[in-house]
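# Per-entry structural report
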Amino acid sequence: MTRIIKTIKGRKYVYDVKWDPEKKKQIWTYQGKVKKKTDLEKLKGELYSTILRHVRIKKKDMREIMNAIQEVLVKYESHW
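First things first, this report covers the structure right here in the doc. Position labels on residues start from 1 in each chain and follow its written sequence. For this predicted model, a pLDDT threshold of at least 70 governs which residues receive local features, and a threshold of 80 or more governs which side-chain atom pairs are given and counted, while totals over whole chains, interfaces and linings are taken from all residues. As a rule here, side-chain values cover all heavy atoms of the structure and leave hydrogens and water aside.

### What about the packing of aromatic side chains?
Between rings of Phe, Tyr and Trp, where Trp is taken as its six-membered ring, a pair exists when centres lie within 6.5 Å; planes separated by under 30 degrees are stacked, by over 60 edge-to-face, and by other angles tilted. Scanning the entire structure with this criterion turns up three aromatic pairs. Relative to Tyr 30, the ring of Tyr 13 lies with its centre 6.2 Å away and its plane at 50 degrees, an arrangement referred to as tilted. You can see Tyr 13 sitting in strand E2 (residues 11-20) and its partner Tyr 30 sitting in strand E3 (residues 25-33), a full 17 residues away along the chain. Exposure is judged per residue with a 1.4 Å probe applied to protein chains only, and the accessible area is read against the type maximum: over 50% gives exposed, under 20% gives buried, and values in between give partly exposed. Exposure remark for Tyr 13: the relative accessible area of 16% places this residue in the buried category. Classification of Tyr 30 by relative accessible area gives partly exposed; the value is 46%. Under the DSSP-based scheme used, a helix requires at least four consecutive residues in state H or I and a strand at least two consecutive residues in state E, with every element numbered from the N terminus.

See the structure below:
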């Protein structure tokens, strides 16, 4: 079996390809899209700036919100 990454319209997809001797042809099995690694520092900065731009927050609550965002990012990173 061979793993092939095929680009279609700018997106990358993963296929497993194997030879079927009975049918005398290749069998292509779709495995999913190629996942991009997320830059967590960039994501964290975007979350902070979005919150600060759209929500009024007291300074005393800002630390709690930053800690909550950090916890979410840690769980996101460990999940993916």
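### Considering the sheet that holds E2
Judged by pairing direction, the sheet is antiparallel, and its three strands sit side by side in the order E1-E2-E3 without closing on themselves. The open sheet has two edge strands, strand E1 (2-8) and E3, and neither has a second partner. Taken over all neighbouring pairs, the strand axes of this sheet differ in orientation by 35 degrees on average, direction set aside. Two strands make a pair as long as DSSP finds a minimum of two bridges between them. Relative to E2, E1 is paired through seven bridges, and the arrangement is antiparallel. From the neighbouring strand, Arg 3 faces E2, where its bridge partner is Asp 16. Here an angle of 0 to 180 degrees is reported between the N-to-C directions of two axes, which are lines fitted to C-alpha atoms, with helices fitted over the stretch in contact.

### Quick word on the pattern of salt bridges
When a carboxyl oxygen of Asp or Glu lies within 4 Å of a side-chain nitrogen of Lys or Arg, that pair is called a salt bridge. Going through the model one piece at a time under the given rule, you end up with one salt bridge. With its nearest N and O atoms 2.9 Å apart, the salt bridge here joins Arg 3 to Asp 16. Separated by 13 residues along the polypeptide, Arg 3 in strand E1 and Asp 16 in strand E2 bring together distant segments of the chain. Take Asp 16: its relative accessible area is 11%, and that puts it in the buried class.

### Notes on unusual backbone geometry
Generally, phi is negative for residues other than glycine and the peptide bonds are trans, each holding for most cases. Phi at Lys 9 takes a positive value of approximately 50 degrees, unusual for a residue other than glycine. Along the chain, the position of Lys 9 falls in the loop between E1 and E2. The class for Lys 9 is exposed, based on a relative accessible area of 85%. Non-glycine residue Lys 24 carries a positive phi angle of around 55 degrees. One can find Lys 24 in the loop between E2 and E3.

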